[in-house]
Amino acid sequence: MEKPITTLFMLMSLDGKITTGDTDELDVDIDFPRISGIKEGLHQYYELEKQTDLYSLNTGRVMAKIGVNTRMNEPDKIGCSFIIIDSKPHLTYKGTEYMAKWVKKLYLATANKKHPAYTLQKSRNNIEIIPFEKSVHLEKLLIALKSRYGIERLTIQSGGKINSSWIRQGLIDFISIVVAPCLIGGSDTQSLMGGTSLHTQKDLALIRTLELVSNTTLKNSYIHLLYKVHPETRVEENREKYIKR
């Protein structure tokens, strides 16, 4: 499979939570800057984010959550291009327009033929739509990004459910995690990996093992972890010898 080199880049609490609660009202970008003991070192995450790839992949839901649909200001143009997966759609016409003004180029992967990006594409030359029939196929999307658009490296910052799909399908090469010094908790609060739980011994092959590349202690009790992801997992078949009798 010819795809870009992919890095999942996320900010999480020590217990693996990537948001502060189970509603859209709660969000780390809004809440962490308000919490003493967290806010002091938060800038280090944003500094590392500026060093990520020139192509960033996210979802329309995440973009809607950070408020692009309701922003009134004229955005400052950035040098990064965004790939957004959005079929519902979560992005409105104004939200899509804001993003097109904001990023260098907007690639919109969607299975919704009525997505507002189709209308905007007629008047803006920096919107590229990548259409799918029923749902966005993650592997085919990555292949298209490299073969059709020449994208060699890609940073992914998506939600817990889709993170699980990326990782379990062997589509992530590296994981770059900034650990904030806090515990959030909550069984319904999004974690780094969400999605369906494993149910059987056969499912153990979906666990992805990691190889530590670097472990950097930052200021204010923050940690930056970089792992290489092993795309396949070998599980010994003889389970009986590990069962204590």
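Before any of the text, the structure's been laid out above.
Below, the structure is looked at part by part. Every value quoted in this text rests on a predicted model; they were computed, and no experiment measured them.

## A word on the overall build of the protein chain
(1) Moving on: From N to C terminus, the protein chain includes 7 helices and 9 strands.
(2) Moving on: In summary, the protein chain has a C-alpha radius of gyration of 19 Å against a globular reference of 18 Å for 245 residues, a match within 12%.
(3) Moving on: Considering only C-alpha atoms, the protein chain reaches an extent of 70 × 45 × 30 Å along its principal axes.
(4) Moving on: Taken across its 245 residues, the protein chain has 44% of its residues classed as buried.
(5) Moving on: Excluding contacts between residues fewer than 6 apart, the proportion of contacts in the protein chain whose partners are at least 24 apart in sequence is 70%.

## Quick look at the sheet that holds strand β2 (residues 55-59)
(1) Moving on: Within the open sheet, the 9 strands sit side by side as β5-β4-β3-β2-β6-β1-β7-β9-β8. Their pairing is mixed. Edge strands, defined here as strands with exactly one partner in the open sheet, are β5 (127-131) and β8 (210-217). Pairwise comparison of adjacent strand axes, ignoring direction, gives a mean angle of 20 degrees for this sheet.
(2) Moving on: Bridge analysis of strand β3 (residues 81-85) against strand β4 (residues 106-110) gives 4 bridges, and the strand direction is parallel. The residue bridging Phe82 from the neighbouring strand is Leu106, located in β4.
(3) Moving on: The strands touched by helix α7 (residues 160-168) within the sheet are β1 (5-13), β2, β3, β6 (153-156) and β7 (174-180), with β1 carrying the most contacts at an inclination of about 140 degrees.

## Looking at a nonpolar patch on the surface
(1) Moving on: A surface patch of nonpolar side chains, amounting to about 210 Å² of accessible area, comprises Leu198, Leu206 and Ile207.
(2) Moving on: Position of Ile207 among the secondary structure elements: in the loop between β7 and β8.
(3) Moving on: Look at Ile207 and you get partly exposed, because its relative accessible area is 40%.

## So, the environment of Gln201
(1) Moving on: Relative to the helices and strands, Gln201 is located in the loop between β7 and β8.
(2) Moving on: Here the alpha-carbon distance between Gln201 and Arg239, two residues 38 residues apart in the chain, equals 9.1 Å.

## A few points about the side chain of Asn58
(1) Moving on: In this structure, Asn58 sits in strand β2.
(2) Moving on: Filtering out sequence-adjacent residues up to four positions away, Asn58 remains in contact with Met63, Ile83, Ile84, Ile85, Gln157 and Ser158.

## A word on the layout of surface pockets
(1) Moving on: In this structure, the second largest pocket occupies an estimated 250 Å³ of space.
(2) Moving on: Looking at the second largest pocket, the residues that line it are Thr7, Phe9, Leu48, Gln51, Thr52, Asp53, Arg153, Thr155, Phe174, Ser176, His224 and Leu226.
(3) Moving on: In the lining of the second largest pocket, the residues fall into 4 nonpolar, 6 polar and 2 charged.

## With respect to unusual backbone geometry
Glycine aside, the phi torsion of most residues is negative, and most peptide linkages are trans.
(1) Moving on: In this structure, Pro89 follows Lys88 across a cis peptide bond, with omega equal to 0 degrees.
(2) Moving on: Along the chain, the position of Pro89 falls in the loop between β3 and α4 (93-102).
(3) Moving on: In this structure, Asn220 takes a positive phi of about 60 degrees despite not being glycine.
(4) Moving on: A positive phi angle, close to 70 degrees, is found at Ser221, a residue other than glycine.
(5) Moving on: The residue Ser221 is located in the loop between β8 and β9 (223-229) in this model.
(6) Moving on: Owing to a relative accessible area of 56%, Ser221 belongs among the exposed residues under this scheme.

## Brief notes about the pairing of β3
(1) Moving on: With 5 of its 5 residues buried, β3 lies for the most part within the structure.
(2) Moving on: On β3, burial covers both faces: Ser81, Ile83 and Ile85 on one face and Phe82 and Ile84 on the other are all buried.
(3) Moving on: Across 5 bridges, the pairing between β2 and β3 is parallel. Following the sheet pairing, Thr59 is matched in β3 by Ile85.
(4) Moving on: Following the backbone out of β2, through helix α3 (residues 60-65) and into the adjacent parallel β3, one traces a crossover that is right-handed.
(5) Moving on: For the handedness criterion, the β-α-β arrangement of β3, α4 and β4 is classed as right-handed.

## Digging into the environment of Asp31
(1) Moving on: Residue position: Asp31 is located in helix α1 (residues 28-31).
(2) Moving on: Spatially, the C-alpha atoms of Asp31 and Thr19 are 9.0 Å apart, while their sequence positions differ by 12 residues.
(3) Moving on: For Asp31, the contacting residues outside a window of four places in its chain are Thr20 and Leu26.
(4) Moving on: Among the polar contacts made by the side chain of Asp31, one reaches the side chain of Thr20 at a distance of 2.5 Å.

The rules behind the values
- Residues numbered from 1 in each chain as written.
- Predicted model: local features only at pLDDT ≥ 70, side-chain atom pairs only at ≥ 80, totals over all residues.
- Heavy atoms only, no water.
- Helix = DSSP H or I, 4+ residues; strand = E, 2+ residues; numbered from the N terminus.
- Rg over C-alpha atoms; globule rule 2.2 N^0.38 Å.
- Buried < 20%, exposed > 50% of the residue type's maximum accessible area, 1.4 Å probe, protein only.
- Contact = heavy atoms within 4.5 Å.
- Pairing = 2+ DSSP bridges.
- Axes fitted to C-alpha atoms, helices over the stretch in contact; angles between N-to-C directions.
- Patch = residues over 30% accessible without salt bridge, like charges linked within 9 Å, V, L, I, M, F, W, Y side chains within 5 Å.
- Areas by Shrake-Rupley, 256 points an atom, 1.4 Å probe, with all protein chains shown as cover.
- Salt bridge = Lys/Arg side-chain N within 4 Å of Asp/Glu carboxyl O.
- 1 Å grid on protein atoms, 1.4 Å probe; cavity = no way out; pocket = protein on both sides within 12 Å on 5 of 7 lines; lining within 4 Å.
- Points joined across faces, edges and corners; volume = space filled by probe spheres on them.
- Nonpolar A, V, L, I, M, F, W, Y, C, P; charged D, E, K, R; others polar.
- Right-handed = clockwise from strand over helix to strand, strands pointing away.
- Polar contact = N/O pair within 3.5 Å; in protein donor to acceptor, adjacent residues only side chain to side chain.

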